[in-house]
Amino acid sequence: MELRQLRYFVAVCEAGSVAGAAKALHIAQPALSRQMMALEEEFGAQLLVRLPRGVALTRAGEALQAQARLMLAGSESLRAQVALAANGKAGSLRIGVMPGYSWLPGLGQAIAALSRASPDTDVLVEPGLSAWQLDAIRRHELDAGVVAWRSPLDIEIEGMKIYEDPMVLAMPAAVAHSVGRIRALKDLAGQKFILFPRAGSPSHYDALVRIFRAAGIAPGRPAASAADLPTIVGLVSAGLGCAIVPASYTQHSPAGIVFKQIDGIDLKVDLELVWRKDQRDPLLSRFLQMFPPGIFISRKRANSLK
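If you look the protein chain up in an unreviewed UniProt entry, it shows as HTH-type transcriptional regulator TdfR from Achromobacter anxifer. The record held by UniProt for the protein chain lists under Sequence similarities (unreviewed entry) the comment "Belongs to the LysR transcriptional regulatory family."

J.: Explanation requested: the layout of surface pockets in the structure shown.
T.: Leftover empty space is mapped by rolling, across the atoms, a probe with the size of a water molecule. There is about 330 Å³ of room inside the largest pocket. What lines the largest pocket is a set of 19 residues, among which W149, R150, S151, S201 and S203 lie closest to the centre. Residue assignment for the lining of the largest pocket shows that the elements contributing at least two residues are α6 (130-138), α8 (202-214) and β11 (268-276). Here the residues of the lining of the largest pocket sort into eight nonpolar, six polar and five charged.

J.: Just to check I follow, could you spell out the packing of aromatic side chains for this structure?
T.: Each aromatic ring pair is specified by the distance between its two centres and by the angle formed by the two planes. Counting across every chain of the model gives six aromatic pairs. Ring centres of Y101 and Y249 lie 6.0 Å apart, and the angle between their planes is 85 degrees; this geometry places the pair in the edge-to-face category. On the criterion of sequence distance, the pair formed by Y101 in the loop between β3 (90-97) and α5 (105-117) and Y249 in the loop between β9 (243-246) and β10 (257-260) is long-range, its members being 148 residues apart. By the burial criterion, Y101 is buried, and Y249 matches it. For the pair W103 and Y163, a centre-to-centre distance of 5.5 Å together with 90 degrees between the ring planes defines the contact as edge-to-face. Of this pair, W103 sits in the loop between β3 and α5 while Y163 sits in strand β6 (residues 157-172); the two residues are 60 residues apart in sequence, bridging distant segments of the chain. Judged by relative accessible area, W103 falls into the partly exposed class, the value being 24%. The class of Y163 is buried, set by a relative accessible area of 3%. Ring pairs connect the aromatic residues Y101, W103, Y163 and Y249, which therefore count as one cluster.

J.: Help me out: how do you make sense of helix α1 (residues 3-15) in this one?
T.: Over its 13 residues, α1 runs 18 Å from end to end, which matches the ideal 18 Å to within 8%, given 1.5 Å per residue. What α1 keeps buried is the set Q5, L6, Y8, F9, V10, A11, V12 and C13. With its phi angle positive at about 80 degrees, G16 sits one or two positions after the end of α1.

J.: Is there a simple way to think about the nonpolar core in this case?
T.: Across soluble globular proteins, you tend to see nonpolar side chains buried next to one another. If you look at the biggest cluster of nonpolar residues, it comprises 61 residues, and the most contacted ones within it are L185, L271 and F287. Here L271 is in contact with M98, Y101, L104, V146, V147, A148, M160, K161, I162 and Y163, once residues within four sequence places are set aside. Residues L6, V10, C13 and V18 belong to the second largest nonpolar core, which totals 19 residues.

J.: What exactly am I supposed to notice about the UniProt feature "domain: HTH lysR-type" (unreviewed entry) in the protein chain here?
T.: Look at the UniProt record and you will see "domain: HTH lysR-type" (unreviewed entry) annotated at residues 1-58. A distance of 19 Å separates the end C-alpha atoms of residues 1-58, which is 62% helix and 14% strand.

J.: Could you clarify how one ought to interpret the pattern of salt bridges in this entry?
T.: Two side chains of opposite charge can pair, provided their charged atoms sit close to one another. In total, this model carries 17 salt bridges according to the counting rule given. One salt bridge in this structure joins E62 and R59, with 3.9 Å as the shortest N-O distance. Taken together, the residues E62 and R59, both in helix α4 (residues 59-86) and three residues apart, mark about one turn of the helix. Given a relative accessible area of 72%, R59 falls into the exposed group. One salt bridge in this structure joins D154 and R138, with 2.4 Å as the shortest N-O distance.

Rules used throughout
Residues numbered from 1 in each chain as written. Predicted model: local features only at pLDDT ≥ 70, side-chain atom pairs only at ≥ 80, totals over all residues. Heavy atoms only, no water. UniProt positions renumbered as here; feature names shortened; annotations may be inferred. 1 Å grid on protein atoms, 1.4 Å probe; cavity = no way out; pocket = protein on both sides within 12 Å on 5 of 7 lines; lining within 4 Å. Points joined across faces, edges and corners; volume = space filled by probe spheres on them. Helix = DSSP H or I, 4+ residues; strand = E, 2+ residues; numbered from the N terminus. Nonpolar A, V, L, I, M, F, W, Y, C, P; charged D, E, K, R; others polar. Phe/Tyr/Trp six-rings, centres within 6.5 Å; stacked < 30°, edge-to-face > 60°. Buried < 20%, exposed > 50% of the residue type's maximum accessible area, 1.4 Å probe, protein only. Expected span 1.5 Å × (residues − 1). Core = buried A, V, L, I, M, F, W, Y, C linked by side-chain atoms within 4.5 Å. Contact = heavy atoms within 4.5 Å. Salt bridge = Lys/Arg side-chain N within 4 Å of Asp/Glu carboxyl O.

Listed below in structure tokens is the structure:
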């Protein structure tokens, strides 16, 4: 049984005759009659009673007519949904985001713009560290992600820079009160620092170690370590030690922390929206078009800490 046969059958029902349906469908009457007989053979039941002028439905024919209309309506709906998906106007988009950065203006604007332009789409945002996101994108478990510290040698992934976040000093309020005025990182020699495991981002970890050594500070054994920035900031708030964190965390941090922009911290977090280089997903392409151009830089916030 084919959808085409069901369309023919419904046309016969609506016309009340094979001849009338053949005329409406622009096909030969004998060919349409053969299609009706094929349907009756398929179901093993008589569907039509042939009358001198037209046809009448049997009980089986009435049952088929009701279900055929539902199936044809469903097929048209399916066709429409497939067309929307093929044009990037329907479906689900899975986006990863670095913990603590779901507030990025560009991300929210793009999701809102996509929702307005394509109401049949939805966006699922999943928090995750950069390494996890990049692996998930390669495995097709995420469509795109907002990551930091991506290797420029990664040929499978491409992206665009969407935010630049300078790094600043975060210290427990009690420590800030005890050490007094601080102008440079070297003034913190002897203080405990909170780091993250090197495996989380080797390049960023090595850059931190480099600036510590340039300031005459031996990182040694960290006061504590955590895999993500929100946890690191929480540990600073708990008084476990100081940390070098993105300036944007001055707006999203617990109490008990003092932030300072000081000499010797020449690092920044470059956040990128990334995706598979070989992607051909029309929905993702549409989302990328919605993303505001340019870089949102938090330098104003950093300057306010001086």
